[in-house]
Amino acid sequence: MAKQGREVPQKWDWTEASVWTERMLETLERGIKGGKWFSLIDKVWKRENLQSALKTVVQNKGAAGVDGQKAEQYLRESPHRLEQVQDMLRKGQYTPQPVKRVWIPKLGSKELRPLGVPAVEDRVVQTAVRNVIEPIFENIFAEHSYGFRPRRGAKDALRRVDQLLNTGRVWVVDADLKGYFDSIPQDKMMAAVAEHIADRPLLELVQRFLKQGVMESGQGWQPTEKGTPQGAVISPLLANIYLNPLDHVMAGAGREMVRYADDFVILCQSEKEANEVLEQLRQWVAGAGLTLHPTKTRIVNASAKGGFDFLGYHFERGHRWPRQKSLDKFRETIRQKTGRLRPGSMEDITEEVNRTLRGWFEYFKHSIGNVLQNQDAWVRGRMRAILRKRHKGHGRARGLDHQRWANAYFADLGLFSLAIARAQAIQSRKRTH
């Protein structure tokens, strides 16, 4: 039994119950006549769908857009606001506000990268749209696509890469689409959506979101003639829709591709096959109006020194460990929590640090052991530096500090150990098997 008492296959129980009835899901499974869906816009502005979308937006929190309104404020005003939205959508008059563009620093760099923040109301409407159209495309997405899809994630993609490497597919086409989200041709994007949806008002609404533009402090409104809107709820889905034909081209040719959004690798049995795949990829990308990054796209032998990075990990010679950027990000997070002058008891500091350690371990626990041991030692060094400062010492912990506050001291504090957790996970797997 799925939500609201629907009796639907488990593969579809994540769908929005107010939209996807048992009858609609049966049609989806069976295949709709003509291959296109009509009469969908009324499901977008359906009150129950809008209310469900609002609940999702509030749960996801997020900053205020150009109108300065936060999700909690919108929620308080929602009884009459949703009524207005419903009326505008029904009449085809809904107009999205520009996306607020802010710039945040890149990790370990003086460069800045743009971040898009849509208005709360636009996030609500986009979520309602996604609730309606996502199952249509989920039904045709390829098996090897893992990003931003229900019940799939990065760990599944990494597991698949491991499986393929273990079968000897060590020649890897490590592809990088240059500025993918910002460079998708919008006319071709809309054509891809229209292949399966024939509801004109809904298509026009999606088009308006693509054209909503950005608002930047000091520069005013700027149009968006290419790409999907930054930070938009529907952008990941649209990005998957646009690359879906590539997925099926590769699968049809017997290629082993693993894709997470615009990040993908193709694992081959020989260098010859890898070169053939790269040429095939170049042709498809050019025809789609996209660009392969000239220096980041390469062919590598994963069984030799050098390897490749994928989804935060580095793969090389039968092992994997966090790539350098992942380590840098981890250490920067810990640094912010372990400044020498920070107040609070060591127990409180340990509890805060543990939250980061446990979350990081959950994703990187399949790394080789010495990497995790090194991070443990580094974290303890940061903690010793706090203690040294509190005892009128200067600089980093050294010498007798390692005896004064030995590893056992931090174990008694309850400091989470990445290496010990890894060893326990390995033992648990052995007992299970």
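Quick look at the structure, then. What you see is a predicted model; the values in this text were computed from it and never measured.

## Let's talk about a positive patch on the surface
So, step 1. Together, Arg340, Lys389, Lys392, Arg396 and Arg398 make up a positively charged patch on the protein surface.
So, step 2. When you line up the elements, Arg340 lands in the loop between helix H12 (324-337) and helix H13 (346-364).

## Here we look at a nonpolar patch on the surface
So, step 1. A cluster of nonpolar residues, Val66, Met215 and Trp221, forms a patch on the protein surface that exposes about 260 Å² of accessible area.
So, step 2. Counting through the fold element by element, Met215 comes out in strand E4 (residues 214-216).

## Some details on helix H10 (residues 235-252)
So, step 1. For H10, built from 18 residues, the straight-helix expectation of 26 Å at 1.5 Å per residue is met to within 8% by its first-to-last C-alpha distance of 26 Å.
So, step 2. Helix geometry: H10 is bent most strongly at Leu243, by close to 40 degrees, with proline Pro245 lying one to four residues after it.
So, step 3. Counting buried residues along H10, 13 of its 18 residues qualify, which places the element largely inside the surrounding structure.
So, step 4. Downstream of H10 by a residue or two, Gly254 has a phi angle that is positive, lying close to 75 degrees.

## Considerations on the side chain of Thr297
So, step 1. Tracing the backbone through its elements, the reader meets Thr297 in the loop between helix H11 (271-287) and strand E8 (298-301).
So, step 2. The class for Thr297 is buried, based on a relative accessible area of 13%.
So, step 3. In this structure the side chain of Thr297 is engaged in a polar contact, spanning 3.1 Å, whose partner is the backbone nitrogen of Asp176.
So, step 4. Among the polar contacts made by the side chain of Thr297, one reaches the main-chain carbonyl oxygen of His293 at a distance of 3.0 Å.

## Quick word on the sheet that holds strand E7 (residues 263-268)
So, step 1. Read from one edge of the open sheet, 4 strands run E6-E7-E3-E8, paired in antiparallel fashion. Strand pairing shows two members of the sheet lacking a second neighbour, strand E6 (256-260) and E8, which therefore form its edges. Averaged over all pairs of adjacent strands, the angle between strand axes in this sheet comes to 20 degrees, irrespective of strand direction.
So, step 2. Bridge analysis of E6 against E7 gives 5 bridges, and the strand direction is antiparallel. Among the inter-strand pairings, Glu256 is bridged to a residue of E7, identified as Leu267.
So, step 3. Against the sheet, H10 contacts E6 and E7, and its axis sits at roughly 170 degrees relative to E6.

## Re the sheet that holds strand E11 (residues 319-322)
So, step 1. Spatially, 3 strands are ordered E9-E10-E11 in an open sheet, and the strand pairing comes out antiparallel. A strand with exactly one partner marks an edge of an open sheet, and here the two such strands are strand E9 (308-310) and E11. The average angle at which neighbouring strand axes cross in this sheet is 30 degrees, direction not considered.
So, step 2. In terms of strand pairing, strand E10 (residues 313-316) meets E11 through 4 bridges, oriented antiparallel. Bridge pairing in E11 links Tyr313 to Pro322.

Cut-offs used in this document
Residues numbered from 1 in each chain as written. Predicted model: local features only at pLDDT ≥ 70, side-chain atom pairs only at ≥ 80, totals over all residues. Heavy atoms only, no water. Patch = residues over 30% accessible without salt bridge, like charges linked within 9 Å, V, L, I, M, F, W, Y side chains within 5 Å. Areas by Shrake-Rupley, 256 points an atom, 1.4 Å probe, with all protein chains shown as cover. Salt bridge = Lys/Arg side-chain N within 4 Å of Asp/Glu carboxyl O. Lys, Arg positive; Asp, Glu negative; His and termini not counted. Charge placed at Lys NZ, Arg CZ, Asp CG, Glu CD. Helix = DSSP H or I, 4+ residues; strand = E, 2+ residues; numbered from the N terminus. Expected span 1.5 Å × (residues − 1). Bend = angle between axes of the 7 residues up to and from the residue. Buried < 20%, exposed > 50% of the residue type's maximum accessible area, 1.4 Å probe, protein only. Polar contact = N/O pair within 3.5 Å; in protein donor to acceptor, adjacent residues only side chain to side chain. Pairing = 2+ DSSP bridges. Axes fitted to C-alpha atoms, helices over the stretch in contact; angles between N-to-C directions. Contact = heavy atoms within 4.5 Å.

By themselves these figures say nothing about function.
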